[in-house]
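Below are the chains, spelled out letter by letter.
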Amino acid sequence: MLILGIESTAHTFGASVVEISPEGYEGRILSDVKDVYRAPEGYGIHPREASRHHAECAARVVRDALEASHVTMNELDAIAYSMGPGLGPCLRVGATVARALAVHFNLPLVPVNHAIGHIELGCLLTGARDPIVLLVSGGHTTITAFAGGRWRIFGETLDMSIGQLLDRFGRETGLTVPEQAGFGGPKIEEYALRSNNYIPLPYTVKGNDVSFSGILTSAKRLYREGARLEDLCYSLQETAYAMLAEVVERALAFTGRRELLLVGGVAANKRLRSMLDEVVGRYNATSYLVPVGYSGDCGAQIAWTGGLAFRAGVRVRVEASFVRQSWRMDRVPIPWRPLKS
Amino acid sequence: MGSVLIRRGAEADLFLDEWYGHRVIRKVRTPRSYRHPKLDAEIRAARTIREASVLVDAKRAGVPAPLVLFMNTKEAELIIQYIEGERLKELIEDHAIDVRREFARVGYLVAKLHRAGIVHGDITTSNLIRRKDGGLILLDFGLAGYSVRDEDRAVDIHLLKESLLSAHPEAAEEALDAFLGAYSRSMGREWGAIQMRLKEIEMRGRYARLG
C-alpha cells in the first residue's frame, strides 16, 4: 500500500510517500521532503509565522515528495496527517492540506500522533521490536514502552523538554543556529567537545521523572557570572543526559526489556548516543539509535505510522479531522501491536 | 560465609554478607561509566547518606525498618541489618496470611512513616517482610526521601496499589480496602487532600511498572 504522510506540528513541514507491505512490519520510504521554518536570530519558533511558512511551501513540498517517489495521487491508498500534538496554527496547515487532498482525490484520511510517529519510524529503521523508547525532542522528553495496547509513559519531564532546555540555553548564550530553526543543540554539542571541566549543575530525577528547570536557571546564572561557555555546554550535556540515562536504566531493570530505542530530534546528539550505548551494556541489552537523518520531524514518520494505522482500520472522517495541540501518546490505541514474531 | 550477590538493581548491587558476626545486607551503589566521575561520585554519596539518614529517622519515629550499621560514602556503601522473614508477596500467593489484618497494619505503618515526614518511594509486597514473631518490617529505602507533600504521599499509595493490582489481582481489593481504611484513619484530617491527589494521579494514567 502507498501512503502519503504530511507533517506540520511545529517548525517542519514535511511530506513523504511510504510503501507498506500488506502484512507484517515492513515498509520502504520512497520519498521524504521537508522545509524547515527559520526563526529570526535569537528567537524561538513563532507559531503564526511558522504556519505562514508552512502554507507557503506546502504545495511545493507535497509535489516534490510525489515526484521523488514516482507515485501519483491516484496510486495512493490513503493520506496520513499529523493530528497532534503540536502548535495549533502549524497543525492546521497540514490538516487543511490533507483534507483538501483527501476530498479532491477521494482518499481515506488517517490521523497520526506525532510522538508515536517518531517511535514507529524508529522501530522500522532500526529493527527494534519491543523496546524501551527514549523520545527526546523539542516537544517531548519521555521514556516509553508498549504495554496493554498502548505506548505507555514510564517517565517524562516534569517541566520542559530536553530540546527546550538546549534551545533556551542556546538563545541566552547566542549559540542558536538560524539555519537549523533556531536549535541550540548542535552548537552546544560543538562547544561541549572543547571542554571536560565539569561544573556541578542541579541533577533532578524524581522517581521516574526528570526536571530541567534547575539546570537552565543555574546554567544561565553561571554564564552571566562569567563561567566559560564551553564548560557550561559540557556540564549541561553531562548532567541532563545522565538524568535521562538513569531513568532509562530504571526502565530496563524494572521491565526486563532488552532493547533501547532512541528517537526524536535530540537523538542526533553524539554524546547522548554514546552515553546510551554504555547504559545498555550493564543490562545485556541492545541500543537502537535512529539514523540521524530521520531523527528530526519528517513526513516519513507520519506516512509510516499512518500506514500501520490504515492497515488496522484507523480512519477519520474529514468533518471530524480536527487537530489536537495536546495529545498524550498513552491515549492512543495501537491495534498493530504487539508485533507478531 | 562469603559475600553473596543477591540482586543487581538499577541503582545498586545487594550482597548478603557477614559483618562482625552479624548477618547483613551490603548495599553498593556502583559507579556508572557513562556519568562524569565528579557527578557520579556526588550522586552516589548523596543518595547513600540520604538512605541512611531516612532509615535512622524512620526508626526513630517508630517505623519498623532495618538498622543502619555502617556507611562508607566514598564507596557509596551501606551495611544494613539483615531481616529474617518472609515477603508479603509470597505469603499472599501462598494464602498464608490474613490479608485484611496484615494490610491494615501496613496502612498504620505507612501513615506513621508519612507523619514522620518521610515517603518511601517504592512500597511493594516485595519490600514488606513478616518475621517469625509476626512483626512487619519495611525494607529498601533506596528511593525514600523527606517530604510532606500530598503528591508524594499519594504516589506512595499509588505505587502500592499498582503493585497489588498487577502482582496479586484477587487479593488486591481486600488488601487495598484494609490498607486505605487504616491509613486514612491514621492520617485523619490530612487524608482528604491526599485522596484528591491520588485520584488525580490515577486519571493521569501513568504506569509506574510496565512489567
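Residues numbered from 1 in each chain as written. Chains lettered and ligands numbered in written order. Predicted model: local features only at pLDDT ≥ 70, side-chain atom pairs only at ≥ 80, totals over all residues.

**Digging into the domain arrangement of chain B**
All names here are of chain B.
Here is step 1 of the chain: As assigned here, chain B comprises domain 1 (4–81) and domain 2 (86–204).
Here is step 2 of the chain: One C-alpha centre belongs to domain 1, the other to domain 2, and the line joining them spans 23 Å.
Here is step 3 of the chain: Per-class residue counts for the side of domain 1 that touches domain 2 are nine nonpolar, one polar and four charged. (Domains from an automatic or database assignment. Nonpolar A, V, L, I, M, F, W, Y, C, P; charged D, E, K, R; others polar.)

**Re the interface of chain B and chain A**
Here is step 1 of the chain: Each partner contributes residues to the interface: chain B has 19 residues there, and chain A has 23 residues.
Here is step 2 of the chain: If you tally residues by element for the side of chain B that touches chain A, the top one is helix α1 (residues 37–60) of chain B, at four residues.
Here is step 3 of the chain: Across the side of chain B that touches chain A, the residue classes tally to eight nonpolar, six polar and five charged. (Contact = placed C-beta atoms within 7 Å. Helix = DSSP H or I, 4+ residues; strand = E, 2+ residues; numbered from the N terminus.)

**Topic: the sheet that holds strand β12 (residues 286–289) of chain A**
Consider a sheet: its strands pair through backbone hydrogen bonds, and that pairing is either parallel or antiparallel.
Residues and elements named next belong to chain A.
Here is step 1 of the chain: Here five strands make up an open sheet; going across it, the order is β8-β7-β6-β11-β12 and the pairing mixed. Both outer strands of the open sheet, β8 (150–156) and β12, are each paired with one neighbouring strand and no more. Averaged over all adjacent pairs, the angle separating strand axes in this sheet is 25°, with direction ignored.
Here is step 2 of the chain: Where strand β7 (residues 141–147) and β8 come together, six bridges link them in antiparallel fashion. Residue pairing in the sheet places A147 in a bridge with R150 of β8.
Here is step 3 of the chain: Against the sheet, helix α7 (residues 229–255) engages β6 (132–136), β7, β8 and β11 (259–263), with an angle of about 160° to β6.
Here is step 4 of the chain: Against the sheet, helix α8 (residues 270–281) engages β6, β11 and β12, with an angle of about 160° to β12. (Pairing = 2+ DSSP bridges. Axes fitted to C-alpha atoms, helices over the stretch in contact; angles between N-to-C directions.)

**Quick notes on the sheet that holds strand β3 (residues 27–36) of chain A**
Residue and element names in this part refer to chain A.
Here is step 1 of the chain: Pairing is mixed in the open sheet, where five strands are placed in the order β3-β2-β1-β4-β5. Pairing within the sheet leaves two strands with one partner each, and these edge strands are β3 and β5 (109–113). Put simply, the sheet's adjacent strands are angled 20° from each other on average, direction ignored.
Here is step 2 of the chain: Across four bridges, strand β1 (residues 2–7) lies against strand β4 (residues 78–84) in parallel orientation. When the sheet's bridge partners are listed, G5 is paired in β4 with A80.
Here is step 3 of the chain: Here helix α1 (residues 47–69) sits on the sheet in contact with β2 (12–20) and β3, set at roughly 25° to β2.
Here is step 4 of the chain: Along the sheet, helix α2 (residues 88–105) contacts β1, β4 and β5; its crossing angle with β4, the most-contacted strand, is approximately 160°.

**Here's the deal with the nonpolar core**
Here is step 1 of the chain: I79, L134, L244, V248, L260 and L276 of chain A are the most contacted members of the largest nonpolar core, which totals 118 residues.
Here is step 2 of the chain: Considering every element that reaches this core, the biggest residue donor is α7 of chain A, with 15 residues.
Here is step 3 of the chain: Two domains each put at least three residues into this core: domain 1 (2–119 + 295–331) and domain 2 (128–292) of chain A.
Here is step 4 of the chain: Not counting residues up to four positions away in its chain, the partners in contact with L134 of chain A are I143, L244, V248, L260, L262 and L276 of chain A.
Here is step 5 of the chain: In this structure, V110, L164, A178 and L198 of chain B belong to the second largest nonpolar core, which totals 44 residues. (Core = buried A, V, L, I, M, F, W, Y, C linked by C-beta atoms within 7 Å. Buried ≥ 20, exposed ≤ 12 C-beta atoms within 10 Å, placed from the backbone.)

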